[in-house]
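So you can see what is in the structure, the chains are spelled out below.
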Amino acid sequence: MELSLCNSSSLRFPQNDFLSLHNCSRPGSFHTFSNKKLASKSISLWRPLIWRQPRLVKLRAQTTTESNASSDKHVDDDFIVEDVPHLTDFLPDLPSYTNPLKKSQAYAIVKKTFVNPEDMVAKEIIVQKDSPRGIHFRRAGPREKVFFTPEEVRACIVTCGGLCPGINTVIREIVCGLKNMYGVDDVLGIQGGYSGFYSKNTLNLTTKVVNDIHKRGGTFLQTSRGGHDTKKIVDNIQDRGINQVYIIGGDGTQKGAAAIYKEVEKRGIKVAVAGIPKTIDNDIAVIDKSFGFDTAVEEAQRAINAAHVEAESVQNGVGIVKLMGRYSGFIAMLATLGNRDVDCCLIPESPFYLEGPGGLYEYVEQQLKENRHVLIVLAEGAGQEYVAQSMQAFQEKDASGNRLLLDVGLWLTQHIKDHFTNVRKMTINMKYIDPTYMIRAIPSNASDNIYCTLLAQSAVHGAMAGFTGFTVGPVNSRHAYIPINRVTETTNTVNMTGRMWARLLASTNQPSFVNHQTVRERVDKETIDAINNMKINST
């Protein structure tokens, strides 16, 4: 057996060797080997491993197969745990307390109140025989020991970036979860995003104050983009005596949360930092989906149905609906699949072309001849290279560092109209609908309300248990604590070779555009490079 200890972002140990997580100086830390085979070799770790982001400790064991003496093949059945930081990593003498849920009437009926510290959530659940067990995350939920007393907790909640359905539900459930499960009365609302820490007043949030905010759209706390100044924010956290920070926002916001955690660790102060990932586009990596997404897909149906009615009620009607989707076309794809009246769906991941055999113009003309109308759903990020080339404008960014998108809906509407009027000499009736702000400003539906409750309560359980520098979300339908860097290192996009996109192509019967060699050649290379090199930093 070969045992090696090295720097990595994960902890590895072989498939059949489990680690005891009991009697550790911090809950859930990997302490000693309990497997008899390893115990016989007197291998143990007498000090808890130090878990810090982004560097974690990796323990990897390899065993040589003995079934075939002539073979030098090594079995490497790795079980990889990507864990999250804990307050005891930099405050080792922190005392722990019995979880108040032990005496809760609500949880008294639960057969197993507390999550087993050995419970992990697998990143991949589809595996092959004899394949490695892969990456796992720590399961979310209440722990038997907590590192805060209700009396000492002063929590704060901040919302950043754009709007999406469900933000108010998350705020409400964090406040109610802290109060009803842990008896915490002191919760502050930071107004106006990150800059609100040092430039605006705060609100005292009670269960009475937030009682019905889930029925409203937007964010009860107001929001903004940018404004992140780590030093000022942590100074304010210290000055106000805040020791739990709940941050609701997208990619850039979560990166800001990671920076706050790092500064907190550097200063050695007892502050738990928990992130709740938010993006209506569903482009957060690792987690199954982001909150508000189901509501957005459902609400998009109203716009699509309206465009369909308008288009089919006139001669040669062309209906175009532009939906959200800056870099990922999930809303457009799922809204199309859920509607069944859409003839073509265009998303950022799938380049398309207008002219020539198999192009969009040809397909639109074919649909008009066969059905006398055509309905197109368009994600806002689709075709940006064409729009940028024609308008020669793509440099501008918003306060979060996002490239400001040009209106591809108006661009495509005008180009289709000009083509059929001037080239094909056909009269068409164009109907264009952009429901973006109507969709993102509505309250969340029942499905998202339930989801937001689980996210908020998972974050509360994690912070009370002393975890920090983490974000929460469902991984294969099981809620987990995820290192923040894992959800910000990449963007979740539609898999163009996956079954879901194939289902859409089969449903709409639209051209796939993938076989056209000149899709990218038709666009100025410098334009594409300038667009692609602009860093995604959405809050």
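Residues numbered from 1 in each chain as written. Predicted model: local features only at pLDDT ≥ 70, side-chain atom pairs only at ≥ 80, totals over all residues. Heavy atoms only, no water.

Put simply, the test is: UniProt positions are given in the numbering used here, feature names are shortened, and annotations may be inferred rather than shown by experiment.
Going by an unreviewed UniProt entry, the protein carries the name ATP-dependent 6-phosphofructokinase and comes from Solanum tuberosum. If you open the UniProt record of the protein and go to Cofactor (unreviewed entry), you find "Mg(2+)". Taken verbatim from the UniProt record of the protein, the Subcellular location (unreviewed entry) comment is "Cytoplasm".

**Some remarks on the overall build of the protein**
The criterion, for reference: Helix and strand definitions here come from DSSP, where helices need a minimum of 4 consecutive H or I residues and strands a minimum of 2 consecutive E residues; each element is numbered from the N-terminal end. The classification of residues rests on relative accessible area computed with a 1.4 Å probe and restricted to protein chains. Under 20% of the type maximum is buried, over 50% is exposed, and intermediate values are partly exposed. Residue contacts are defined here by distance: any two heavy atoms, one from each residue, within 4.5 Å place the two residues in contact. Computed with the Shrake-Rupley method and a 1.4 Å probe, the accessible areas treat only the protein chains shown as cover for residues.
Helix and strand content of the protein: 15 helices and 22 strands. When the 539 residues of the protein are sorted by exposure, 55% land in the buried category. Counted over contacts in the protein with a minimum sequence separation of 6, partners at least 24 positions apart contribute 77%. For the protein, the exposed surface amounts to about 23,900 Å²; the carbon and sulfur share of it is 48%.

**Brief notes about the packing of aromatic side chains**
How two aromatic rings sit relative to each other is given by the distance of their centres and the angle of their planes. Defined as follows: For Phe, Tyr and Trp, where Trp contributes only its six-membered ring, two rings pair if their centres lie within 6.5 Å, and the inter-plane angle classes them as stacked under 30 degrees, edge-to-face over 60, or tilted in between. As a reminder, the over-ring test applies to NZ of lysine and CZ of arginine, requiring each to be within 6 Å of the ring centre and within 35 degrees of the ring normal.
Applying the stated criterion across every chain, the model contains 7 aromatic pairs. Aromatic pair F467 and Y481: ring centres 5.6 Å apart, planes at 40°, arrangement tilted. Of this pair, F467 sits in the loop between α12 (446–464) and β21 (470–475) while Y481 is found in strand β22 (residues 478–483), placing the two residues 14 residues apart along the sequence. Neither F467 nor Y481 differs from the other in exposure class; each is buried. Over the face of the ring belonging to Y198 we find K232, whose NZ or CZ atom lies 5.0 Å from the ring centre.

**Concerning the UniProt feature "active site" (unreviewed entry) in the protein**
The condition that has to hold: Distance and chemistry together define a polar contact, namely a pair of N or O atoms within 3.5 Å, with one atom able to donate a hydrogen and the other to accept it when in protein, and with adjacent residues in sequence counting only for side-chain atoms on both sides.
Within the UniProt annotation, "active site" (unreviewed entry) is assigned to D281. Of note, D281 is situated in the loop between β16 (272–277) and α6 (293–312). Polar side-chain contacts of D281 include one of 3.4 Å to the backbone nitrogen of G325.

**Focus: the pattern of salt bridges**
Operational definition: Salt bridges are counted wherever a side-chain nitrogen of Lys or Arg sits within 4 Å of a carboxyl oxygen of Asp or Glu.
Counted according to the given criterion, the structure contains 21 salt bridges. Between K179 and D185 there is a salt bridge whose closest N-O contact spans 2.5 Å. Taken together, the salt bridges that share partners define one network made up of K231, D235, E263 and R267.

**Considerations on the pairing of β21**
To keep it simple, the criterion reads: In this scheme, strands are said to pair when DSSP sees at least two bridges between them.
Of all 6 residues that make up β21, 6 are buried, and the element is covered over most of its length. Strand direction decides the pairing type here: β16 and β21, joined by 2 bridges, are parallel. Opposite A274, over in β21, you have F470 as the bridge partner. With 6 bridges joining them, β21 and β22 adopt antiparallel strand pairing. Looking at the pairing, P474 lines up with H479 of β22. The hairpin formed by β21 and β22 contains 2 residues between the paired strands, and N476 there has a positive phi angle of roughly 55°.

**Some remarks on the nonpolar core**
For clarity, the cut-off: Among buried residues, those of type Ala, Val, Leu, Ile, Met, Phe, Trp, Tyr and Cys that are joined through side-chain atoms within 4.5 Å constitute a nonpolar core.
One finds I157, I174, Y246, I276 and F291 to be the most contacted residues of the largest nonpolar core, which totals 107 residues. It is helix α2 (residues 167–182) that contributes the most residues to this core, 9 residues altogether. Excluding residues within four positions of it along the chain, Y246 makes contact with A155, C156, I157, V158, I174, L178, A274, I276, A459, V460 and A463.

**Some details on the pairing of strand β12 (residues 155–159)**
Of all 5 residues in β12, 5 are buried; the element is thus mostly enclosed. Of the two faces of β12, the one carrying A155, I157 and T159 and the one carrying C156 and V158 are both buried. Looking at chain direction, β12 and strand β13 (residues 187–190) are connected through 4 bridges and run parallel. Opposite V158, over in β13, you have I190 as the bridge partner.

**Comments concerning α12**
To keep it simple, the criterion reads: Take the number of residues in a helix, subtract one, and multiply by 1.5 Å to get its expected span.
Helix length check: α12 (19 residues) gives 27 Å between terminal C-alpha atoms against 27 Å at 1.5 Å per residue, within 8%. The N-capping residue of α12, defined by a side-chain oxygen 3.3 Å from the backbone nitrogen of S447, is N445. Looking at the residues trailing α12, positive phi occurs at G466, about 95°.

**Considering the side chain of Q244**
Mapping Q244 onto the fold places it in strand β15 (residues 244–249). Looking at Q244, its side chain comes within polar contact range of the side chain of Y246, at 2.6 Å. Residue contacts for Q244: discarding those within four places in its chain leaves F148, V153, R154, A155, C156, L178, V271, A272, A463 and M464.

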